[in-house]
Amino acid sequence: MTPNDLDAQASLDPAIQPVGEMIALDAPLRAFFLTGATGFIGAYLLRELLETTAATAYVLVRAADSANALDRIRKNLQTYALWEEWMAARISPVVGDLKNPLFGLTPGEFTEIGAAVDVIYHCGSKLSYIAPYEYLESANVGGTHEALRLATTVNTKPLHYVSSLGILLDYKEPVGGAEDDELDEDKCPAVGYFQTKYVAERLVRLARDRGIPVTIDRIGLIVGDSRTGISNEEDFVARMIVGSIQTGFAPDVRANMDMTPVDFVSKAMIYLSRQPSSAGKVFHLLNPQPVNWSGVFDLAAQVGYPSVKLPFAEWVETMDQRADPATNPLCPLLPFFHLNFARRMMGVNGDDYMALHTDATQAALGNSGITCAPINSHFMSIYLSHFVQHGRLSATMEIP
(Lines give C-alpha, C1' and ligand atoms only; values in the text may rest on other atoms or scores of the structure.)
Protein backbone atom coordinates (compact mmCIF):
# COMPACT_ATOMS: atom_id res chain seq x y z
CA MET A 1 0.00 0.00 0.00
CA THR A 2 1.51 3.32 -1.07
CA PRO A 3 0.47 6.64 0.48
CA ASN A 4 -1.24 7.91 -2.66
CA ASP A 5 -3.54 4.85 -2.73
CA LEU A 6 -5.17 5.59 0.60
CA ASP A 7 -8.05 7.82 -0.47
CA ALA A 8 -9.04 5.26 -3.09
CA GLN A 9 -9.42 2.62 -0.32
CA ALA A 10 -12.14 4.61 1.45
CA SER A 11 -15.42 3.30 0.06
CA LEU A 12 -18.53 3.81 2.17
CA ASP A 13 -21.61 1.71 1.41
CA PRO A 14 -24.15 4.00 -0.34
CA ALA A 15 -26.81 2.55 1.98
CA ILE A 16 -25.16 4.22 4.98
CA GLN A 17 -27.29 7.37 5.04
CA PRO A 18 -29.14 9.39 7.69
CA VAL A 19 -32.38 7.63 8.52
CA GLY A 20 -35.34 8.28 10.82
CA GLU A 21 -34.99 10.48 13.87
CA MET A 22 -31.73 12.40 14.38
CA ILE A 23 -30.67 11.94 18.00
CA ALA A 24 -29.09 15.06 19.49
CA LEU A 25 -25.59 14.93 20.95
CA ASP A 26 -26.77 16.35 24.26
CA ALA A 27 -29.93 14.23 24.62
CA PRO A 28 -30.15 12.19 27.85
CA LEU A 29 -28.65 8.81 27.11
CA ARG A 30 -30.67 5.63 27.38
CA ALA A 31 -27.80 3.50 26.12
CA PHE A 32 -24.49 3.73 24.29
CA PHE A 33 -22.44 1.35 22.16
CA LEU A 34 -18.70 1.07 22.85
CA THR A 35 -15.88 -0.77 21.12
CA GLY A 36 -12.41 -1.23 22.59
CA ALA A 37 -13.41 -1.67 26.23
CA THR A 38 -10.87 -4.46 26.72
CA GLY A 39 -8.08 -1.98 25.99
CA PHE A 40 -6.54 0.80 28.09
CA ILE A 41 -8.32 3.88 26.76
CA GLY A 42 -11.56 1.98 26.23
CA ALA A 43 -11.59 0.93 29.87
CA TYR A 44 -11.36 4.56 30.95
CA LEU A 45 -14.05 5.60 28.49
CA LEU A 46 -16.38 2.93 29.83
CA ARG A 47 -15.78 4.00 33.43
CA GLU A 48 -16.30 7.67 32.57
CA LEU A 49 -19.54 6.99 30.71
CA LEU A 50 -20.93 4.79 33.48
CA GLU A 51 -20.06 7.42 36.10
CA THR A 52 -21.38 10.47 34.25
CA THR A 53 -24.58 8.99 32.74
CA ALA A 54 -27.32 6.59 33.79
CA ALA A 55 -27.12 4.79 30.45
CA THR A 56 -26.82 1.10 29.69
CA ALA A 57 -23.51 0.14 28.06
CA TYR A 58 -23.64 -2.13 25.02
CA VAL A 59 -20.01 -3.26 24.84
CA LEU A 60 -18.57 -5.19 21.90
CA VAL A 61 -16.19 -7.95 23.02
CA ARG A 62 -14.59 -10.96 21.35
CA ALA A 63 -15.64 -13.83 23.60
CA ALA A 64 -17.20 -17.28 23.68
CA ASP A 65 -20.44 -16.02 25.21
CA SER A 66 -21.93 -13.13 27.19
CA ALA A 67 -20.65 -14.38 30.54
CA ASN A 68 -17.12 -14.65 29.19
CA ALA A 69 -17.45 -11.20 27.60
CA LEU A 70 -18.49 -9.60 30.89
CA ASP A 71 -15.64 -11.38 32.63
CA ARG A 72 -13.15 -9.96 30.12
CA ILE A 73 -14.52 -6.44 30.68
CA ARG A 74 -14.39 -6.87 34.46
CA LYS A 75 -10.83 -8.19 34.48
CA ASN A 76 -9.60 -5.41 32.22
CA LEU A 77 -11.10 -2.66 34.36
CA GLN A 78 -9.77 -4.38 37.48
CA THR A 79 -6.29 -4.18 35.95
CA TYR A 80 -6.55 -0.39 36.04
CA ALA A 81 -8.41 -0.22 39.39
CA LEU A 82 -11.54 1.04 37.61
CA TRP A 83 -13.99 -1.77 38.31
CA GLU A 84 -16.79 -1.62 40.87
CA GLU A 85 -19.42 -4.33 41.14
CA TRP A 86 -22.33 -1.97 40.52
CA MET A 87 -21.12 -1.66 36.93
CA ALA A 88 -22.11 -5.22 36.01
CA ALA A 89 -25.82 -4.39 36.10
CA ARG A 90 -25.27 -1.52 33.65
CA ILE A 91 -23.27 -3.49 31.06
CA SER A 92 -24.87 -5.50 28.27
CA PRO A 93 -22.05 -7.43 26.57
CA VAL A 94 -22.25 -7.82 22.79
CA VAL A 95 -20.32 -10.87 21.63
CA GLY A 96 -18.78 -10.01 18.28
CA ASP A 97 -15.69 -8.99 16.35
CA LEU A 98 -14.66 -5.76 14.66
CA LYS A 99 -13.38 -7.58 11.59
CA ASN A 100 -16.70 -9.22 10.68
CA PRO A 101 -19.64 -7.73 8.76
CA LEU A 102 -22.28 -6.51 11.23
CA PHE A 103 -19.62 -7.29 13.88
CA GLY A 104 -20.57 -10.97 13.45
CA LEU A 105 -24.12 -10.34 14.68
CA THR A 106 -27.27 -11.49 12.94
CA PRO A 107 -29.20 -8.76 11.09
CA GLY A 108 -31.85 -8.95 13.79
CA GLU A 109 -29.34 -8.53 16.62
CA PHE A 110 -27.68 -5.62 14.81
CA THR A 111 -31.04 -3.88 14.27
CA GLU A 112 -32.02 -4.43 17.90
CA ILE A 113 -28.85 -2.69 19.10
CA GLY A 114 -29.35 0.07 16.54
CA ALA A 115 -32.76 0.75 18.07
CA ALA A 116 -31.52 0.58 21.66
CA VAL A 117 -28.51 2.90 21.64
CA ASP A 118 -28.35 6.68 21.30
CA VAL A 119 -24.64 7.13 20.58
CA ILE A 120 -21.63 5.12 19.42
CA TYR A 121 -18.07 5.38 20.74
CA HIS A 122 -15.75 3.57 18.35
CA CYS A 123 -12.44 3.16 20.16
CA GLY A 124 -11.49 -0.39 19.22
CA SER A 125 -8.76 -1.23 16.72
CA LYS A 126 -6.00 -3.75 16.06
CA LEU A 127 -2.60 -2.18 16.81
CA SER A 128 0.72 -3.16 15.27
CA TYR A 129 3.51 -0.96 13.93
CA ILE A 130 4.97 -3.76 11.81
CA ALA A 131 1.91 -5.56 10.38
CA PRO A 132 0.92 -4.67 6.80
CA TYR A 133 -2.20 -2.74 5.89
CA GLU A 134 -3.92 -5.87 4.57
CA TYR A 135 -3.57 -7.67 7.91
CA LEU A 136 -5.16 -4.80 9.87
CA GLU A 137 -7.73 -3.63 7.33
CA SER A 138 -10.67 -5.84 8.29
CA ALA A 139 -10.64 -4.78 11.95
CA ASN A 140 -9.63 -1.14 11.59
CA VAL A 141 -11.29 -0.11 8.35
CA GLY A 142 -14.05 -2.72 8.26
CA GLY A 143 -14.89 -2.17 11.92
CA THR A 144 -15.29 1.56 11.36
CA HIS A 145 -17.49 0.88 8.34
CA GLU A 146 -19.79 -1.29 10.45
CA ALA A 147 -19.84 1.25 13.28
CA LEU A 148 -21.10 3.83 10.77
CA ARG A 149 -23.70 1.34 9.59
CA LEU A 150 -24.88 0.96 13.17
CA ALA A 151 -25.05 4.75 13.49
CA THR A 152 -27.63 4.75 10.69
CA THR A 153 -29.63 1.70 11.71
CA VAL A 154 -33.25 2.42 12.80
CA ASN A 155 -32.38 6.06 13.48
CA THR A 156 -29.41 8.41 13.06
CA LYS A 157 -27.20 8.64 16.10
CA PRO A 158 -23.88 10.41 16.80
CA LEU A 159 -20.66 8.47 16.29
CA HIS A 160 -17.41 9.38 18.00
CA TYR A 161 -14.39 7.90 16.29
CA VAL A 162 -11.01 7.53 18.00
CA SER A 163 -8.41 8.28 15.34
CA SER A 164 -4.64 8.66 15.57
CA LEU A 165 -2.31 11.65 15.48
CA GLY A 166 0.09 9.27 13.75
CA ILE A 167 -1.71 9.81 10.44
CA LEU A 168 -0.03 13.25 10.46
CA LEU A 169 3.41 11.87 11.23
CA ASP A 170 4.85 12.92 7.88
CA TYR A 171 3.62 16.49 8.13
CA LYS A 172 6.24 18.63 6.42
CA GLU A 173 5.17 22.11 7.48
CA PRO A 174 7.13 23.86 10.28
CA VAL A 175 4.16 24.04 12.62
CA GLY A 176 2.25 20.86 11.89
CA GLY A 177 -1.45 20.24 11.41
CA ALA A 178 -4.47 22.01 12.84
CA GLU A 179 -7.62 20.16 13.87
CA ASP A 180 -9.67 21.51 10.97
CA ASP A 181 -7.09 20.94 8.21
CA GLU A 182 -8.17 18.81 5.29
CA LEU A 183 -7.03 15.20 5.46
CA ASP A 184 -3.95 14.62 3.28
CA GLU A 185 -2.77 11.12 2.43
CA ASP A 186 0.74 12.42 1.71
CA LYS A 187 1.13 13.18 5.43
CA CYS A 188 0.38 9.59 6.48
CA PRO A 189 3.49 7.40 6.91
CA ALA A 190 3.80 4.12 5.02
CA VAL A 191 3.00 2.08 8.13
CA GLY A 192 0.07 -0.32 7.94
CA TYR A 193 -1.54 0.69 11.22
CA PHE A 194 -1.54 4.42 10.47
CA GLN A 195 -2.72 3.76 6.92
CA THR A 196 -5.76 1.87 8.23
CA LYS A 197 -6.51 4.67 10.69
CA TYR A 198 -6.24 7.19 7.85
CA VAL A 199 -8.66 5.24 5.63
CA ALA A 200 -11.04 4.74 8.55
CA GLU A 201 -11.00 8.47 9.31
CA ARG A 202 -11.69 9.13 5.63
CA LEU A 203 -14.78 6.89 5.92
CA VAL A 204 -15.97 8.90 8.91
CA ARG A 205 -15.52 12.10 6.92
CA LEU A 206 -17.53 10.64 4.03
CA ALA A 207 -20.28 9.88 6.52
CA ARG A 208 -20.09 13.47 7.79
CA ASP A 209 -20.55 14.70 4.21
CA ARG A 210 -23.77 12.67 4.06
CA GLY A 211 -25.14 14.43 7.14
CA ILE A 212 -24.31 11.82 9.78
CA PRO A 213 -23.28 13.48 13.08
CA VAL A 214 -19.70 12.36 13.70
CA THR A 215 -16.82 13.57 15.83
CA ILE A 216 -13.17 12.59 15.36
CA ASP A 217 -10.85 12.40 18.37
CA ARG A 218 -7.19 12.00 17.44
CA ILE A 219 -4.93 10.58 20.13
CA GLY A 220 -1.20 9.92 20.35
CA LEU A 221 0.99 8.30 23.01
CA ILE A 222 -1.23 7.82 26.05
CA VAL A 223 0.40 7.30 29.45
CA GLY A 224 -0.73 6.55 32.99
CA ASP A 225 -3.39 8.15 35.13
CA SER A 226 -2.09 11.46 36.48
CA ARG A 227 -3.85 10.84 39.80
CA THR A 228 -2.78 7.28 40.51
CA GLY A 229 0.04 6.49 38.07
CA ILE A 230 -1.84 3.37 36.95
CA SER A 231 -0.66 2.56 33.45
CA ASN A 232 -0.80 0.19 30.55
CA GLU A 233 2.53 -1.48 31.22
CA GLU A 234 2.76 -2.79 27.66
CA ASP A 235 2.43 0.53 25.82
CA PHE A 236 5.24 2.18 23.88
CA VAL A 237 6.11 4.92 26.38
CA ALA A 238 6.06 2.56 29.37
CA ARG A 239 8.37 0.12 27.63
CA MET A 240 10.68 2.96 26.58
CA ILE A 241 10.98 4.50 30.02
CA VAL A 242 11.07 1.35 32.13
CA GLY A 243 13.34 -0.50 29.70
CA SER A 244 15.82 2.38 29.54
CA ILE A 245 15.88 2.88 33.31
CA GLN A 246 16.46 -0.84 33.84
CA THR A 247 19.61 -0.78 31.71
CA GLY A 248 20.69 2.66 32.94
CA PHE A 249 20.90 4.13 29.43
CA ALA A 250 18.42 6.47 27.73
CA PRO A 251 18.15 8.14 24.31
CA ASP A 252 19.23 11.77 24.16
CA VAL A 253 16.50 12.96 21.78
CA ARG A 254 15.40 16.60 22.00
CA ALA A 255 12.39 16.58 19.67
CA ASN A 256 8.97 17.10 21.26
CA MET A 257 6.94 13.98 21.94
CA ASP A 258 3.43 13.24 23.06
CA MET A 259 2.89 12.07 26.62
CA THR A 260 -0.79 12.52 27.50
CA PRO A 261 -2.32 11.10 30.71
CA VAL A 262 -5.20 8.73 30.08
CA ASP A 263 -7.54 10.41 32.58
CA PHE A 264 -7.36 13.68 30.63
CA VAL A 265 -8.09 11.89 27.36
CA SER A 266 -11.13 10.02 28.67
CA LYS A 267 -12.67 12.99 30.47
CA ALA A 268 -12.08 15.35 27.56
CA MET A 269 -13.42 12.89 25.01
CA ILE A 270 -16.66 12.24 26.88
CA TYR A 271 -17.20 15.91 27.69
CA LEU A 272 -16.70 16.94 24.05
CA SER A 273 -18.95 14.12 22.86
CA ARG A 274 -21.87 15.62 24.81
CA GLN A 275 -21.57 19.12 23.32
CA PRO A 276 -23.82 19.85 20.31
CA SER A 277 -21.11 22.16 18.93
CA SER A 278 -18.77 19.15 18.55
CA ALA A 279 -20.70 17.63 15.64
CA GLY A 280 -18.53 17.35 12.55
CA LYS A 281 -15.36 18.49 14.30
CA VAL A 282 -11.90 17.01 14.82
CA PHE A 283 -10.15 17.23 18.18
CA HIS A 284 -6.48 16.67 19.07
CA LEU A 285 -6.43 15.09 22.53
CA LEU A 286 -2.80 15.88 23.01
CA ASN A 287 -0.91 17.31 25.97
CA PRO A 288 -0.71 21.04 25.15
CA GLN A 289 2.54 21.30 27.12
CA PRO A 290 4.97 19.15 25.09
CA VAL A 291 8.03 17.47 26.53
CA ASN A 292 10.93 15.70 24.86
CA TRP A 293 12.44 12.27 25.41
CA SER A 294 15.62 13.66 26.93
CA GLY A 295 13.63 15.82 29.33
CA VAL A 296 11.53 12.84 30.40
CA PHE A 297 14.65 11.02 31.54
CA ASP A 298 15.86 14.17 33.33
CA LEU A 299 12.60 14.12 35.30
CA ALA A 300 13.05 10.42 36.05
CA ALA A 301 16.53 11.15 37.40
CA GLN A 302 15.13 13.91 39.62
CA VAL A 303 12.84 11.42 41.36
CA GLY A 304 15.48 8.71 41.84
CA TYR A 305 15.74 6.85 38.54
CA PRO A 306 18.96 8.03 36.83
CA SER A 307 20.31 7.00 33.47
CA VAL A 308 23.18 7.87 31.16
CA LYS A 309 21.89 9.57 28.01
CA LEU A 310 23.36 8.50 24.70
CA PRO A 311 22.90 9.57 21.06
CA PHE A 312 20.03 7.58 19.56
CA ALA A 313 22.10 5.19 17.42
CA GLU A 314 24.49 4.49 20.31
CA TRP A 315 21.54 3.95 22.65
CA VAL A 316 19.99 1.40 20.27
CA GLU A 317 23.31 -0.46 20.03
CA THR A 318 23.70 -0.41 23.83
CA MET A 319 20.18 -1.71 24.36
CA ASP A 320 20.79 -4.50 21.85
CA GLN A 321 23.85 -5.55 23.86
CA ARG A 322 22.72 -4.96 27.45
CA ALA A 323 18.93 -5.33 27.74
CA ASP A 324 17.99 -8.67 29.27
CA PRO A 325 15.38 -10.37 27.05
CA ALA A 326 13.97 -12.20 30.06
CA THR A 327 13.16 -9.08 32.07
CA ASN A 328 13.46 -5.92 29.98
CA PRO A 329 10.12 -4.85 28.46
CA LEU A 330 11.82 -2.95 25.66
CA CYS A 331 13.46 -6.02 24.13
CA PRO A 332 10.51 -7.00 21.89
CA LEU A 333 10.60 -3.51 20.36
CA LEU A 334 14.33 -3.32 19.69
CA PRO A 335 14.04 -4.44 16.02
CA PHE A 336 11.62 -1.54 15.52
CA PHE A 337 14.31 1.00 16.42
CA HIS A 338 16.40 -0.09 13.44
CA LEU A 339 13.68 1.12 11.03
CA ASN A 340 13.75 4.58 9.47
CA PHE A 341 10.16 5.02 10.60
CA ALA A 342 11.27 4.67 14.23
CA ARG A 343 13.75 7.50 13.78
CA ARG A 344 10.97 9.62 12.28
CA MET A 345 8.55 8.77 15.08
CA MET A 346 11.15 9.56 17.73
CA GLY A 347 12.16 12.82 16.05
CA VAL A 348 15.78 11.68 15.84
CA ASN A 349 16.43 13.65 12.65
CA GLY A 350 15.22 16.88 14.18
CA ASP A 351 11.64 16.41 13.03
CA ASP A 352 9.16 17.80 15.51
CA TYR A 353 6.07 15.69 14.90
CA MET A 354 4.35 16.89 18.05
CA ALA A 355 4.12 20.48 16.84
CA LEU A 356 0.48 19.67 16.09
CA HIS A 357 -2.13 22.26 16.97
CA THR A 358 -4.42 21.85 19.97
CA ASP A 359 -5.83 25.38 19.98
CA ALA A 360 -9.34 24.49 18.81
CA THR A 361 -9.51 21.57 21.22
CA GLN A 362 -8.40 23.64 24.19
CA ALA A 363 -10.96 26.32 23.27
CA ALA A 364 -13.72 23.69 23.14
CA LEU A 365 -12.68 22.51 26.62
CA GLY A 366 -12.50 26.08 27.92
CA ASN A 367 -15.54 25.96 30.22
CA SER A 368 -15.23 22.31 31.21
CA GLY A 369 -12.68 22.56 34.00
CA ILE A 370 -10.82 19.68 32.32
CA THR A 371 -7.08 20.29 32.06
CA CYS A 372 -4.16 18.08 31.14
CA ALA A 373 -1.67 17.40 33.93
CA PRO A 374 1.82 18.66 33.06
CA ILE A 375 4.61 16.14 32.70
CA ASN A 376 6.81 17.26 35.58
CA SER A 377 8.65 15.65 38.48
CA HIS A 378 5.40 15.27 40.45
CA PHE A 379 3.78 13.35 37.61
CA MET A 380 6.90 11.29 37.00
CA SER A 381 7.10 10.28 40.65
CA ILE A 382 3.48 9.05 40.60
CA TYR A 383 3.92 7.40 37.20
CA LEU A 384 7.08 5.47 38.07
CA SER A 385 5.74 4.42 41.48
CA HIS A 386 3.20 2.26 39.65
CA PHE A 387 6.03 0.26 38.04
CA VAL A 388 7.75 -0.10 41.40
CA GLN A 389 4.55 -1.50 42.91
CA HIS A 390 4.28 -4.00 40.05
CA GLY A 391 7.89 -5.12 40.29
CA ARG A 392 9.05 -3.52 37.03
CA LEU A 393 11.42 -1.09 38.78
CA SER A 394 13.26 -0.99 42.09
CA ALA A 395 12.40 1.79 44.51
CA THR A 396 15.94 3.10 44.16
CA MET A 397 18.01 2.72 41.03
CA GLU A 398 21.67 3.19 40.33
CA ILE A 399 23.50 3.71 37.07
CA PRO A 400 25.37 0.46 36.29
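Here's a quick rundown of the structure. Only a predicted model underlies this, so the values are computations on that prediction, with no experimental measurement involved. (Residues numbered from 1 in each chain as written. Predicted model: local features only at pLDDT ≥ 70, side-chain atom pairs only at ≥ 80, totals over all residues. Heavy atoms only, no water.)

Focus on the overall build of the protein chain
Right, so step 1: Within the protein chain one finds 13 helices and 13 strands.
Right, so step 2: Residue burial in the protein chain is summarised as follows: out of 400 residues, 57% are buried.
Right, so step 3: When contacts within the protein chain are restricted to residue pairs at least 6 apart in sequence, long-range pairs at least 24 apart make up 82% of them.
Right, so step 4: When the accessible surface of the protein chain is totalled, it reaches about 15,600 Å², and 50% of it is carbon and sulfur.
Right, so step 5: In the protein chain, the 30 positive side-chain charges and the 46 negative ones have mean positions that sit 3 Å from each other. (Helix = DSSP H or I, 4+ residues; strand = E, 2+ residues; numbered from the N terminus. Buried < 20%, exposed > 50% of the residue type's maximum accessible area, 1.4 Å probe, protein only. Contact = heavy atoms within 4.5 Å. Areas by Shrake-Rupley, 256 points an atom, 1.4 Å probe, with all protein chains shown as cover. Lys, Arg positive; Asp, Glu negative; His and termini not counted. Charge placed at Lys NZ, Arg CZ, Asp CG, Glu CD.)

Observations regarding the sheet that holds strand β3 (residues 91-95)
Right, so step 1: Pairing within the open sheet is parallel, and its 7 strands lie in the order β3-β2-β1-β4-β5-β6-β11. The outermost strands of the open sheet, each flanked by one partner alone, are β3 and β11 (282-285). Here the strands of the sheet are splayed against their neighbours by 20° on average, with no regard to which way each runs.
Right, so step 2: Summarising the sheet, strand β1 (residues 31-35) and strand β4 (residues 119-122) pair through 4 bridges and their orientation is parallel. The residue bridging Leu-34 from the neighbouring strand is Tyr-121, located in β4.
Right, so step 3: Most of the contacts of helix α3 (residues 66-79) go to β3, to which it runs at about 115°, and overall it touches β2 (56-61) and β3. (Pairing = 2+ DSSP bridges. Axes fitted to C-alpha atoms, helices over the stretch in contact; angles between N-to-C directions.)

Some points on the state of the cysteines
In protein structure, a disulfide is the covalent linkage between the sulfur atoms of two cysteines.
Right, so step 1: Within this structure, the stated rule accounts for 0 disulfides.
Right, so step 2: Of all cysteine sulfurs in the structure, the one in Cys-123 sits closest to Cys-188, which takes part in no disulfide; the separation is 19 Å. (Disulfide = S-S within 2.5 Å.)

Description of the nonpolar core
Right, so step 1: In terms of nonpolar packing, the biggest core is built from 94 residues, with Phe-33, Met-259, Trp-293, Trp-315, Phe-337, Tyr-383 and Leu-384 touching the most fellow members.
Right, so step 2: Residues Ile-41, Leu-50, Phe-264 and Phe-283 belong to the second largest nonpolar core, which totals 44 residues. (Core = buried A, V, L, I, M, F, W, Y, C linked by side-chain atoms within 4.5 Å.)

Quick word on the packing of helix α2 (residues 40-52) against helix α8 (residues 262-273)
Right, so step 1: Put simply, α2 and α8 touch, their axes get as near as 9 Å, and they point 50° apart. The orientation of α2 relative to α8 falls into the category oblique. Along this stretch, α2 crosses α8, giving a crossing that reads as right-handed. Of the residues in α8, those in contact with Phe-40, Ile-41, Tyr-44, Leu-45, Glu-48, Leu-49 and Thr-52 of α2 are Val-262, Asp-263, Val-265, Ser-266, Lys-267, Met-269 and Ile-270.
Right, so step 2: Classifying every residue of the contact of α2 with α8 by side-chain character gives 9 nonpolar, 2 polar and 3 charged. (Parallel < 35°, antiparallel > 145°, perpendicular 65-115°, else oblique. Left-handed = near helix turned anticlockwise from the far one by under 90°. Nonpolar A, V, L, I, M, F, W, Y, C, P; charged D, E, K, R; others polar.)

Digging into the packing of aromatic side chains
Right, so step 1: Applying the stated rule across the entire model yields 18 aromatic pairs.
Right, so step 2: Ring geometry for Phe-33 against Phe-103: centres 5.7 Å apart, planes inclined by 20°, an arrangement best described as stacked. Of this pair, Phe-33 sits in strand β1 while Phe-103 is found in the loop between β3 and α4 (107-116), placing the two residues 70 residues apart along the sequence.
Right, so step 3: Overall, Phe-33 belongs to the buried group, its relative accessible area being 0%.
Right, so step 4: Phe-103 sits in the buried class, given a relative accessible area of 0%.
Right, so step 5: Measuring from ring centre to ring centre gives 5.8 Å for Tyr-129 and Phe-336, while their planes differ by 25°; the resulting arrangement is stacked. Of the two residues, Tyr-129 is situated in the loop between β4 and α5 (133-151) and Phe-336 in the loop between α10 (312-322) and α11 (340-346); the sequence distance between them amounts to 207 residues. (Phe/Tyr/Trp six-rings, centres within 6.5 Å; stacked < 30°, edge-to-face > 60°.)

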